[in-house]
Amino acid sequence: DTSKEERVCRRDASDFTMTSLKKLQLKDVDVSSKRVFIRVDFNVPQDKADPSVITNNARIVGALPSIKYCLDKGAKSVVLASH
């Protein structure tokens, strides 16, 4: 039996089917000696008068624990991709 968080509802033609997704946490993955690709959302608000000034760095700060974890666990490299 899957929890509500593990189910995804997909539209399949005219009917709906439920698909179970098993999600891993970073701690469940061996990153030692691996290249790690992390998709991050670094769209941060900038000051209108001076766009080089970030007015809220919460998204950047929020990504740091995952990046640091990978490096501390011996990742060969960490590649960050933002949109």
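Let us look at the structure shown here. What you are looking at is a predicted structure, and each value in this text was computed from that prediction instead of being measured.

## Looking at the environment of Phe 37
1) Next: Within the secondary structure, Phe 37 is located in strand E3 (residues 35-39).
2) Next: Residues Phe 37 and Ser 77, spaced 40 residues apart in sequence, show a C-alpha to C-alpha distance of 8.5 Å.

## Let's talk about the environment of Leu 71
1) Next: By secondary structure assignment, the location of Leu 71 is in helix H1 (residues 58-72).
2) Next: Overall, the relative accessible area of 48% leaves Leu 71 in the partly exposed class.
3) Next: Put simply, Leu 71 and Ser 33 are 38 residues apart on the chain and 9.7 Å apart in space, counted from C-alpha to C-alpha.

## Describing the nonpolar core
1) Next: Grouped together as the largest cluster of nonpolar side chains are eight residues: Val 31, Val 36, Ile 38, Val 40, Ala 63, Ile 67, Cys 70 and Ala 75.
2) Next: Elements with a contribution of two residues or more to this core: E3 and H1.
3) Next: In terms of residues, this core owes the most to one element, H1, which gives three residues.
4) Next: With residues near it in sequence (within four places) discarded, Val 31 still touches Leu 26, Val 36, Cys 70, Lys 73, Gly 74 and Ala 75.

Criteria and cut-off values
Residues numbered from 1 in each chain as written. Predicted model: local features only at pLDDT ≥ 70, side-chain atom pairs only at ≥ 80, totals over all residues. Heavy atoms only, no water. Helix = DSSP H or I, 4+ residues; strand = E, 2+ residues; numbered from the N terminus. Buried < 20%, exposed > 50% of the residue type's maximum accessible area, 1.4 Å probe, protein only. Core = buried A, V, L, I, M, F, W, Y, C linked by side-chain atoms within 4.5 Å. Contact = heavy atoms within 4.5 Å.

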